[in-house]
Amino acid sequence: MQLTGLSKKYYFCRVILNASSISDLPGVTKQIVSYAGNTRIFLFYGDMGAGKTTLIKQLCSELGSSDNITSPTFSIVNEYAGPNKIYHFDFYRLKNQNEALDLGAEEYFYSGNYCFIEWPEKIPDLLPDNYIRVTIAQQADNSRNITVDKV
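My aim in this report is to walk through the structure given alongside it, one point at a time. These numbers were taken from a predicted model, which means no experiment stands behind them.

1. Concerning the overall build of the protein
Then, number 1: Of regular secondary structure, the protein possesses four helices and eight strands.
Then, number 2: Sequence-ordered secondary structure for the protein, helices as α and strands as β, is β-β-α-β-α-β-β-α-α-β-β-β.
Then, number 3: Here the C-alpha atoms of the protein give a radius of gyration of 15 Å, agreeing with the 15 Å that 2.2 N^0.38 yields for 151 residues.
Then, number 4: Taken along its principal axes, the extent of the C-alpha atoms in the protein is 40 × 40 × 30 Å.
Then, number 5: With 151 residues in all, the protein has 44% of them scored as buried.
Then, number 6: Excluding contacts between residues fewer than 6 apart, the proportion of contacts in the protein whose partners are at least 24 apart in sequence is 55%.
Then, number 7: Here the protein has roughly 8100 Å² of accessible surface; of this, 47% comes from carbon and sulfur atoms.
Then, number 8: Here the protein holds 14 positive side-chain charges and 16 negative ones, and the gap between their average locations is 4 Å.

Below, the structure written as structure tokens:
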């Protein structure tokens, strides 16, 4: 773990993980959940096809959901059951932040439930102050570097 300063006011801690294949994801998600502690908001960054939804599927499993986890690209939000309620957002198709407001995104974010948010850059003004930022970068060998920041 390394401590990195964002500014004089805000600091975050960073963990960098590597997944050589999909079989590494259970171990990676255990580390992410442990690192997150009580934080329930997760923002996922990465190019199209980087593996955001695949990682979210494994995170949901790690959190005890046995639901069929699918991308909410067209529905915008999916809800999954388990010991904890999980909301999975995909804001890729939004034209503006008002669309997220119209579906009540802020109510979900402040509900105390897990919220996994793909394409959060589409709603920058609506994001809570504290969250886990997960950035997935595909490498030349097809592995993934997963950077996890606690903000």
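Having seen the structure, we can now continue with the description.
2. As for the environment of Ala 137
Then, number 1: The residue Ala 137 is located in strand β7 (residues 132-138) in this model.
Then, number 2: The partly exposed category is assigned to Ala 137, whose relative accessible area is 32%.
Then, number 3: Each C-alpha atom of the pair Ala 137 and Ser 66 lies 27 Å from the other, and the pair is 71 residues apart in sequence.
Then, number 4: If near-sequence neighbours (up to four positions away) are discounted, Ala 137 is found in contact with Ser 143, Arg 144 and Asn 145.

3. Brief notes about the environment of Ile 41
Then, number 1: Mapping Ile 41 onto the fold places it in strand β3 (residues 41-45).
Then, number 2: Separated by 91 residues in the primary sequence, Ile 41 and Ile 132 have C-alpha atoms spaced 6.2 Å apart.

4. What to know about helix α1 (residues 25-36)
Since the α-helix advances by 3.6 residues per turn, residues separated by three or four positions end up pointing in the same direction.
Then, number 1: Taking 1.5 Å as the rise per residue, α1 with 12 residues should run 16 Å; its terminal C-alpha atoms sit 16 Å apart, in good agreement.
Then, number 2: What α1 keeps buried is the set Leu 25, Val 28, Thr 29, Ile 32, Tyr 35 and Ala 36. Buried residues along α1 cover an arc of 125° about the axis, so they all sit on one side.
Then, number 3: The positive-phi residue at the C-terminal boundary of α1 is Gly 37, with phi of around 60°.

5. What about the state of the cysteines?
Then, number 1: Counting across every chain of the model gives zero disulfides.
Then, number 2: Free cysteine: Cys 115, not disulfide-bonded; nearest cysteine sulfur from Cys 60 at 11 Å.

6. Looking at unusual backbone geometry
Then, number 1: The phi dihedral of Trp 119 is positive, around 60°, even though this residue is not glycine.
Then, number 2: With respect to the helices and strands, Trp 119 occurs in the loop between β6 (114-118) and β7.
Then, number 3: Judged by its relative accessible area of 12%, Trp 119 is buried.
Then, number 4: Of note in the backbone geometry, Asn 142 takes a positive phi value of approximately 75° without being a glycine.
Then, number 5: Topologically, Asn 142 is positioned in the loop between β7 and β8 (144-150).
Then, number 6: Residue Asn 142 is classed as partly exposed on the basis of its relative accessible area of 46%.

7. Concerning the pairing of strand β4 (residues 77-80)
Then, number 1: Pairing between β4 and strand β5 (residues 86-90): four bridges, direction antiparallel. Looking at β5, one finds that Asn 78 is bridged to His 88.

8. Focus on the pairing of β8
A regular strand carries its side chains on alternate faces of the sheet.
Then, number 1: β8 sits mainly inside the fold: five of its seven residues count as buried.
Then, number 2: Note that β7 and β8 share seven bridges and pair antiparallel. Within β8, the position partnered with Val 134 by the bridge is Val 148.
Then, number 3: Here β7 hands over to β8 after five residues, with Asn 142 in that stretch at a positive phi of 75°.

Conventions adopted
- Residues numbered from 1 in each chain as written.
- Predicted model: local features only at pLDDT ≥ 70, side-chain atom pairs only at ≥ 80, totals over all residues.
- Heavy atoms only, no water.
- Helix = DSSP H or I, 4+ residues; strand = E, 2+ residues; numbered from the N terminus.
- Rg over C-alpha atoms; globule rule 2.2 N^0.38 Å.
- Buried < 20%, exposed > 50% of the residue type's maximum accessible area, 1.4 Å probe, protein only.
- Contact = heavy atoms within 4.5 Å.
- Areas by Shrake-Rupley, 256 points an atom, 1.4 Å probe, with all protein chains shown as cover.
- Lys, Arg positive; Asp, Glu negative; His and termini not counted.
- Charge placed at Lys NZ, Arg CZ, Asp CG, Glu CD.
- Expected span 1.5 Å × (residues − 1).
- Arc of directions from axis to C-beta.
- Disulfide = S-S within 2.5 Å.
- Pairing = 2+ DSSP bridges.

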